[in-house]
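# Structural overview for review
Here is what each chain is made of, one letter per residue.
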Amino acid sequence: MGRKGNRLLLVFGAVVLAGVMALGLGLTGSSNTGAHATDPSDDGNFNTYALVNDSKARVIVYLCLDTPCTQINTRSAWIPMAPGESITRNEYWNPGVGYGFKIATSPRGRRCLTINADTKAPKTVTIPLSTAKSCPTAAP
């Protein structure tokens, strides 16, 4: 390869390198816009929520498969909570993401709690179970 060929190869390599660097900067810069990577080893991708049983009765908390809690996750453990007890959960945050929990105080007494995980919380978010609302009815 002659001198012209070496220059052409050098210019081509510089253009490719500049493109790769621009792409890398674009990807790292996008983390400030709200969306982020889903690396499970990065604590920055998760919020910590403390569910607190602020009632005088023992309750059982179920993780829902959907935000309105029309379906309970039967693969996850049901969590019994004594009065005053608190449990923490780490949940992925991203715009439009929510997590649902169903709280049972008796076989017929059930309320639902939705956690809004739209943004990164700088510290643990404490959520009293008394803030749970009536559960929506399941669609037919």
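The following paragraphs examine the structure supplied in this document. (Residues numbered from 1 in each chain as written. Predicted model: local features only at pLDDT ≥ 70, side-chain atom pairs only at ≥ 80, totals over all residues. Heavy atoms only, no water.)

Across the sheet, five strands lie side by side as β3-β2-β5-β6-β8; this open sheet has antiparallel pairing. Of all the strands in the sheet, the pair left with one neighbour each is β3 (79-81) and β8 (133-134). (Pairing = 2+ DSSP bridges. Helix = DSSP H or I, 4+ residues; strand = E, 2+ residues; numbered from the N terminus.)

For the rest of this paragraph, the subject is the state of the cysteines. Disulfides are covalent bonds that connect the sulfur atoms of two cysteines. Scanning all chains against the criterion turns up two disulfides. In this model Cys64 forms its disulfide with Cys69; the gap between the sulfur atoms is 2.1 Å. Measuring the twist about the S-S bond at about 95°, one finds the Cys64-Cys69 disulfide to be right-handed. The same class applies to Cys64 and to Cys69, which are both buried. Through a disulfide, Cys112 is tied to Cys135; the S-S separation comes to 2.0 Å. (Disulfide = S-S within 2.5 Å. Buried < 20%, exposed > 50% of the residue type's maximum accessible area, 1.4 Å probe, protein only.)

This next bit is on the sheet that holds strand β1 (residues 46-52). Taking strand neighbours across the sheet as the criterion, the three strands line up as β4-β1-β7 in an open arrangement whose pairing is mixed. Pairing within the sheet leaves two strands with one partner each, and these edge strands are β4 (86-92) and β7 (125-128). Across this sheet, the average inter-strand angle for adjacent strands is 30°, counted without regard to direction. In this sheet, β7 lies alongside β1 in parallel orientation, the contact comprising four bridges. By the bridge assignment for β7, Ala50 is matched with Thr126. (Axes fitted to C-alpha atoms, helices over the stretch in contact; angles between N-to-C directions.)

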